[in-house]
Amino acid sequence: MSQSLSPAVDPTPFESSVGSRSHESVVAHHFVDAEQQHATAELGMWMFLVTEIMFFGAFFLAYLIYREWYPAAFAQGSHHMDVMLGTLNTAVLLTSSFTMALAVHAAEHSQRRQLVGLLSATFVLGAVFLGIKGLEYYHKYAEQLIPFAGWTFGPTGNERVGMMAFFNLYFLMTGMHAFHMVLGLAMLAILIVLANSDRIPSSRSILVHNVGLYWHFVDLVWVYLFPFFYLVAIRPAGHL
Amino acid sequence: MSSTVISPPNRNYLNVSYTVRSWLLTHDHKRIALLYLVGVTFFFVIGGLAAAVVRLELMTPRGDLTESETYNKLFTMHGITMTFFFLIPAIPAVLGNFLVPLMVGARDLAFPKLNLLSWYLYMLGGLLTMWSILAGGVDTGWTFYTPYSSTYSNTYVMATALGVFTAGFSSILTGLNIIVTTHKMRCPGLTWFRLPLFIWSMYAASLIMVLATPVLAAAIVLVGLERVLGIGIFDPAMGGDPLLFQHLFWFYAHPAVYIMVLPAFGVISELVACFSQRRPFGYSFIGFSSFAIAILGFLVWGHHMFVSGQSVYAGLIFSLLSFLVAIPSGIKVFNWTATLYKASISWETPMLYALGFVGLFTIGGLTGLFLACLAIDVHVHDTYFVVAHFHYIMVGGTVMAFLGGIHFWWPKITGRMYPESWARLSAILIFIGFNLTFFPQFILGYLGMPRRYHIYPEEFQVLNVMSSAGASILGVGYFFPMTYLIWSIFYGPVAPDNPFGHTGLEWQTPSPPPTENFAEIPIVTEEAYNFLPDDTRQKIAEEVPLVPVA
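Looking now at the overall build of chain A. The number of helices and strands found in chain A is six helices and zero strands. Walking chain A from its N terminus toward its C terminus, one meets helices and strands in the order α-α-α-α-α-α. Considering chain A as a whole, with its 240 residues, one finds that 38% of them fall into the buried category. Of the contacts made within chain A by residues no fewer than 6 positions apart, 73% connect residues no fewer than 24 positions apart.

In structure tokens, the structure reads:
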């Protein structure tokens, strides 16, 4: 592949074209310098997050419509949420965002040991979140509040379908969020392995930076999901 | 042909390696564009064959060729294959992939590996959909409307939906790549207002790909979860609303029309400028009108739902917003026309396609205004009028521009010229065949023939036979380019670097370009479309016969 047509200009256009720059990283052949490569990677990640916002946006739209349709049922549904566990999970997740932000800082400053430690802490906190979420799911199953698996909730008519819509949305949106958490954990695991074998020099800290952006995004989704499902009834029923 | 301009065969992106591996694992945007070209051509043929059977069935008022169920599966297969696997990727993933890095003076797209991944996702999605068709087909129509798709249809909805979902990721990756490339990879001196208009419209189309496709993905996920798990977001028995699917679907699928047609606008802007040897009239208006269309396109989805029970007030607003789309579209048509006015036009094949496009797109766009009228839409909704309207946009628009663009950049892509007389003949056949196929459908629709039925009253037969006859001419017209373009790769005359005398960075590098596109990253010092004055051009034309003579 890496033949050259212009020896006079650039002897190896497909290899590192770092030249006089002090970066030790490999700049891909189609970039002028490491700076351009970083800026490109970061913009790419932001664009990807835009697609994620639109993806979740469809579910949030469904939520808004059904909450407008069934305000009473949504308030009642939120009484079946475990606010304590939800709050705990929110705290766990926000802490993981904090450790992730510190990890990005460590990566940018070539602090390898701190980087591995902070990424691992983020990973553990993420796993704890999923564990608590699983426990909550199990409680809902035991209370037979899963609309598509053993639903036995009593009332009829509008209240019944409203509650079903609430719990359908609850499992859909928290499930979709958990799925993104799993993907985030997988990315973190890869980063931990790379960092541990010293393959993330500060010039490649964009890797950690981008995973960090993703992780914060997933946290941010939860920041909306938590009040949307757990805290509805704090406002009087009937008022959105 | 003058031999002075022909450079000796040198190392280029095509002859750098001949192994299968070097193609299937390539990161070169130009090779990936050719992989996409093979893909979209394959799916175009599949979708075309489905349309051929549909048109054959419609020759007679009775259902004598296919049963109702088979017919439903045929038009579904035609729609799904053509929209998701031909029209959406055709120009962005083939011409866009090939040209965007060349036009912005870059060595590749921003993310070459994601680009390759997008092709694999596209093929995976396409082949999954093809499998579902072979296994038994889908009968929901390409729109997958709930509750039919989520609850009642016993066909291969899941496999097809998964195929479309997968292809959606490839579309997102292509759009993301083009946006980031345009922002970050432009060569020195290439400011936004020096960009070719093709880049402006590719950028606008990419914005839609990135913003709209995830919503389709979400809608498909919801249909899938309803079929598999029973999460009834669209199920009234669980408090859901089947109409919500239509909202989500059209929030994607209406902007998707502009994913198909905005890149076509970009191609036409290049062709009109080149073959009138002029800077397009109102460069910045053409550029910004692409963005206006992209933005307005997100606000008009409700015009697909005028008779779906949405509120009258919503209908009024969607109607008004739909009318507004005509303004930027009109700006484009008027500006192309103004570019042609008193210019020294030459009549190479790409220009024939471009002129065909302007006429057909105008008819398609104006009939879109009829459909945006609430009262008229009640009459013609779900009739052949709608079918004719969107085929004028998609076939008369996108396919014409795609073919025009393929011919125009064929010398750059392959290093060979296409045979001009065969190409002109095909362009004219396609224009005639297209109009004969679809114009009668406007009349059929206005007379009240509904779409998606294979049995119809006797009095509609004449117009249907005309339509089917036109379709066969159209088929011949499409068959020729597939043949002579392949022939030209081996036997066509060797192409010079800039056979049509166009401006733009892609013409300043050899045909075909080397793998790294430019020996040296160019530095741009002049405006786009900086064509030579008439007298200078005349002088050059005498020396190089291939430059179009006024």
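Let us now look at the overall build of chain B. Scanning chain B for helices and strands turns up 16 helices and zero strands. Overall, the C-alpha framework of chain B stretches about 70 × 45 × 45 Å when taken along its three principal axes. Buried positions account for 58% of the 550 residues belonging to chain B. Long-range pairs, those at least 24 residues apart, make up 85% of the contacts in chain B with a sequence separation of at least 6.

Turning our attention to the nonpolar core. A:Leu119, B:Val94, B:Val215, B:Ala219 and B:Ile268 are the most contacted members of the largest nonpolar core, which has 229 residues in total. Ignoring sequence-local partners within four residues, the contact set of B:Ile268 consists of B:Trp336, B:Ala354, B:Phe357, B:Val358 and B:Ala401.

With that settled, the discussion passes to the packing of helix α13 (residues 384-414) of chain B against helix α14 (residues 420-447) of chain B. Residues and elements named next belong to chain B. For the pair α13 and α14, interaxial distance at closest approach is 8 Å and the crossing angle is 170°. Between α13 and α14, the interaxial angle falls into the category roughly antiparallel. Counted together, Tyr384, Phe385, Val386, Val387, Ala388, His391, Tyr392, Val395, Gly396 and His407 of α13 and Ala423, Phe434, Phe438, Gln441, Phe442, Leu444, Gly445 and Tyr446 of α14 form the full contact between these two elements.

Positionally, B:Ile172 belongs in helix α6 (residues 157-184). Residue B:Ile172 is classed as buried on the basis of its C-beta count, with 27 C-beta atoms lying within 10 Å. Along the chain, B:Ile172 and B:Ile231 lie 59 residues apart, while their C-alpha atoms are 26 Å from each other. Beyond its immediate sequence surroundings of up to four residues, B:Ile172 is in contact with A:Thr51, B:Met209, B:Val210, B:Thr213 and B:Pro214.

Accessible area lost on assembly of the parts is the figure often given for the size of an interface. The partner chain B presents 38 residues to the 35 residues of chain A that form the contact. Contributions of two or more residues to the side of chain A that touches chain B are made by α1 (34-69) and α5 (157-196) of chain A. The residue inventory of the side of chain A that touches chain B, partitioned by class, reads 24 nonpolar, 11 polar and no charged.

Over its 28 residues, α6(B) extends 40 Å from the first C-alpha to the last, a length consistent with the 40 Å expected when each residue adds 1.5 Å. With 23 of its 28 residues buried, α6(B) lies for the most part within the structure.

Okay, unusual backbone geometry next. With the exception of glycine, most residues fall at negative phi, and the peptide bonds are largely trans. Residues and elements named next belong to chain B. With an omega of 0°, the peptide bond between Thr146 and Pro147 qualifies as cis. Note that Pro147 resides in the loop between α4 (112-135) and α5 (148-152). Here the residue pair Ser511 and Pro512 is connected by a cis peptide bond, since its omega of -15° sits within 30 degrees of zero. Among the structural elements, Pro512 can be located in the loop between α15 (461-491) and α16 (534-543). Here the phi dihedral of Tyr529 falls at roughly 55°; this positive angle occurs in a residue that is not glycine. Relative to the helices and strands, Tyr529 resides in the loop between α15 and α16. Given 21 C-beta atoms within a 10 Å radius, Tyr529 is considered buried.

On to the packing of helix α9 (residues 283-297) of chain B against helix α10 (residues 312-340) of chain B. All names here are of chain B. Closest axis-to-axis distance for the α9/α10 pair is 9 Å, and the angle between their directions is 160°. When the interaxial angle is binned, α9 and α10 end up roughly antiparallel. Considering how the two elements wind past one another, α9 and α10 form a crossing that is left-handed. Within the contact between the two elements, α9 uses Phe285, Ile286, Ser289, Ala292, Ile293, Leu296 and Gly297 and α10 uses Leu321, Leu324, Val325, Pro328, Ser329, Ile331, Lys332 and Asn335.

A word on the confidence of the model for chain B. Chain-level statistics for chain B give a pLDDT mean of 94 and a share of 96% at 70 or above. For this predicted complex, the interface score ipTM comes out at 0.92, alongside a pTM of 0.92.

Quick look at the confidence of the model for chain A now. Mean pLDDT for chain A: 87, with 86% of residues reaching 70 or above. Scored below 50 in pLDDT, residues 1-24 of chain A shows 34 contacts in the model against residues more than four places distant or in partner chains.

Residues and elements named next belong to chain B. Considering the arrangement of structural elements, one finds Phe44 in helix α2 (residues 29-57). On the basis of neighbour counts, which here come to 20 C-beta atoms within 10 Å, the residue Phe44 falls in the buried class. Separated by 58 residues in the primary sequence, Phe44 and Leu102 have C-alpha atoms spaced 26 Å apart.

The rules we used
- Residues numbered from 1 in each chain as written.
- Chains lettered and ligands numbered in written order.
- Predicted model: local features only at pLDDT ≥ 70, side-chain atom pairs only at ≥ 80, totals over all residues.
- Helix = DSSP H or I, 4+ residues; strand = E, 2+ residues; numbered from the N terminus.
- Buried ≥ 20, exposed ≤ 12 C-beta atoms within 10 Å, placed from the backbone.
- Contact = placed C-beta atoms within 7 Å.
- Core = buried A, V, L, I, M, F, W, Y, C linked by C-beta atoms within 7 Å.
- Axes fitted to C-alpha atoms, helices over the stretch in contact; angles between N-to-C directions.
- Parallel < 35°, antiparallel > 145°, perpendicular 65-115°, else oblique.
- Nonpolar A, V, L, I, M, F, W, Y, C, P; charged D, E, K, R; others polar.
- Expected span 1.5 Å × (residues − 1).
- Left-handed = near helix turned anticlockwise from the far one by under 90°.
- pLDDT = per-residue confidence, 0-100.

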